[in-house]
Amino acid sequence: GKWHLGMDWSLKDGSIADSKSDQSQIDLSKEIQNGPNKNGFDYYFGMAASANHSPHCFIEDGYTVGELEVLDDKQRKAVGIDGKPGLVAKGFKQSEILPRFTEKTCEWIRSQVNQKPDQPFFVYMPLNSPHSPIVPTAKFLGKSGLSSHGDCCMETDWSVGEVVKTVKALGIEDNTMII
């Protein structure tokens, strides 16, 4: 999910990026510091912050996923990214964030139960919704009959429902808390 607690990105000169750093100077081959993996999580799939903040990409275990490029405001809008200019993964779509969080969370739960059936586990899935940009997938667009925000809320309900269905399908619902 969205970490949004700060991550330390290394620059090509070896220093740590700050809010004024040129994002083209971020060394994407280096592991991101101060993220979930450096703060006690065994596995992380998510984003650095909200979907309207750069970098517009997924992060898995301290590394960005996909090929990233720095896009200015005009270029970012041309590829349909709503938010601040900066690093964007090629092909990244903001409407795919919630389904990917859901998919990866359910995969991880299944993996934990299959590999360690008697071990407790903890999953933290902070969602990008309903937070700007409001970008429901095509499956939910217009479904609420109210607004894209209503559609996004419906997709969020679906997401949580998928996690609940996974827990039930694995037969662990009586020994699982979902908050």
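Rules and cut-offs
- Residues numbered from 1 in each chain as written.
- Predicted model: local features only at pLDDT ≥ 70, side-chain atom pairs only at ≥ 80, totals over all residues.
- Heavy atoms only, no water.
- Helix = DSSP H or I, 4+ residues; strand = E, 2+ residues; numbered from the N terminus.
- Rg over C-alpha atoms; globule rule 2.2 N^0.38 Å.
- Expected span 1.5 Å × (residues − 1).
- Buried < 20%, exposed > 50% of the residue type's maximum accessible area, 1.4 Å probe, protein only.
- Contact = heavy atoms within 4.5 Å.
- Polar contact = N/O pair within 3.5 Å; in protein donor to acceptor, adjacent residues only side chain to side chain.
- Phe/Tyr/Trp six-rings, centres within 6.5 Å; stacked < 30°, edge-to-face > 60°.
- Lys NZ or Arg CZ within 6 Å of the ring centre and 35° of its normal.
- Axes fitted to C-alpha atoms, helices over the stretch in contact; angles between N-to-C directions.
- Parallel < 35°, antiparallel > 145°, perpendicular 65-115°, else oblique.
- Pairing = 2+ DSSP bridges.
- Salt bridge = Lys/Arg side-chain N within 4 Å of Asp/Glu carboxyl O.

Peer 1: I keep staring at the overall build of the protein chain and nothing clicks. Help me out?
Peer 2: When helices and strands are tallied, the protein chain shows three helices and five strands. In sequence order, the secondary structure elements of the protein chain are arranged as β-β-β-β-α-β-α-α. For 179 residues, the compact-globule estimate of 2.2 N^0.38 gives 16 Å, and the protein chain sits close to it at 17 Å. In terms of its C-alpha atoms, the protein chain occupies a principal-axis envelope of roughly 50 × 40 × 20 Å.

Peer 1: I keep staring at helix 2 (residues 97–115) and nothing clicks. Help me out?
Peer 2: Along an α-helix, residues three or four positions apart point the same way, because every turn accommodates 3.6 residues. Under the 1.5 Å per step criterion, the end-to-end length of helix 2 is 27 Å for 19 residues, consistent within 8% with the ideal 27 Å. For helix 2, the complete set of buried residues consists of I97, L98, F101, T102, K104, T105, C106, W108, I109, Q112 and V113. Packed against the buried residues of helix 2 are strand 1 (45–46), strand 2 (59–60) and helix 3 (148–169).

Peer 1: Any chance you could explain the side chain of H56 here in plain terms?
Peer 2: Turning to its location among the elements, H56 is positioned in the loop between strand 1 and strand 2. Looking at H56, its side chain comes within polar contact range of the main-chain oxygen of H53, at 3.4 Å. Setting aside chain neighbours within four positions, we find H56 in contact with A51, R76, I81, D82, G83, K84, L87, V88, A89, F92 and Q94.

Peer 1: Quick question: what am I supposed to make of the packing of aromatic side chains here?
Peer 2: This model, assessed by the stated rule, comprises eight aromatic pairs. Seen in terms of ring centroids, F58 and F101 are 6.3 Å apart; in terms of plane orientation they differ by 70°. Their pairing is edge-to-face. Pair noted here: F58 is in the loop between strand 1 and strand 2 and F101 is in helix 2, with a separation of 43 residues, a long-range link. Here K104 stacks its cationic end above the ring of F45, 5.0 Å away from the centre of that ring.

Peer 1: It is not clear to me how the packing of helix 2 against helix 3 should be interpreted in this structure. Could you clarify?
Peer 2: Between two packed helices, both the angle of their axes relative to each other and the distance between the axes serve to describe the pair. Orientation of helix 2 relative to helix 3, taken along the N-to-C sense of each, is 10°, at an axis distance of 9 Å. Here helix 3 runs roughly parallel to helix 2, going by the angle between their axes. Residues L98, P99, T102, T105, C106, I109 and R110 of helix 2 pack against E155, T156, W158, S159, E162, V163 and T166 of helix 3.

Peer 1: Help me out: how do you make sense of the sheet that holds strand 1 in this one?
Peer 2: Pairing between sheet strands relies on hydrogen bonds along the backbone, with the strands arranged either parallel or antiparallel. Judged by pairing direction, the sheet is antiparallel, and its three strands sit side by side in the order 1-2-3 without closing on themselves. Looking at which strands have only one partner, the edges of the open sheet turn out to be strand 1 and strand 3 (63–64). In terms of strand pairing, strand 2 meets strand 3 through two bridges, oriented antiparallel. By the bridge assignment for strand 3, E60 is matched with Y63.

Peer 1: Whenever I open this one, the side chain of T105 confuses me. Can you help?
Peer 2: Here T105 lies in helix 2. The contact partners of T105, leaving out residues within four places of it in the chain, are V123, M125 and V163.

Peer 1: What is the right way to look at the pattern of salt bridges in this model?
Peer 2: Side-chain pairs of opposite charge can arise where the charged atoms are in close proximity. Under the definition given, this model contains eight salt bridges. For K30, the salt bridge identified is with D27, shortest N-O distance 3.3 Å. The shortest N-O distance in the salt bridge between R76 and D73 comes to 2.0 Å. Of this pair, R76 and D73 both sit in helix 1 (residues 73–78), three residues apart, which is roughly one turn of that helix. Bridged by salt links that share partners, the residues D73, R76 and K77 form one connected network.

Peer 1: For this particular structure, what's the right way to read unusual backbone geometry?
Peer 2: Among all residues save glycine, negative phi is the norm, and among peptide bonds the norm is trans. Between S54 and the following residue, P55, the backbone shows a cis peptide bond with an omega angle of 10°. With respect to the helices and strands, the residue P55 is situated in the loop between strand 1 and strand 2. A positive phi is found at N34, a non-glycine position, where the angle reads about 65°. Looking at where N34 falls in the secondary structure, it is placed in the segment before strand 1. Its relative accessible area of 33% is what places N34 among the partly exposed residues. Not every positive phi belongs to a glycine, and D61 is a case in point at roughly 45°. Residue position: D61 is located in the loop between strand 2 and strand 3. A residue is classified by how much of its surface remains accessible, and D61, at 29% relative accessible area, is partly exposed.

Nothing here speaks to function; it is geometry throughout.
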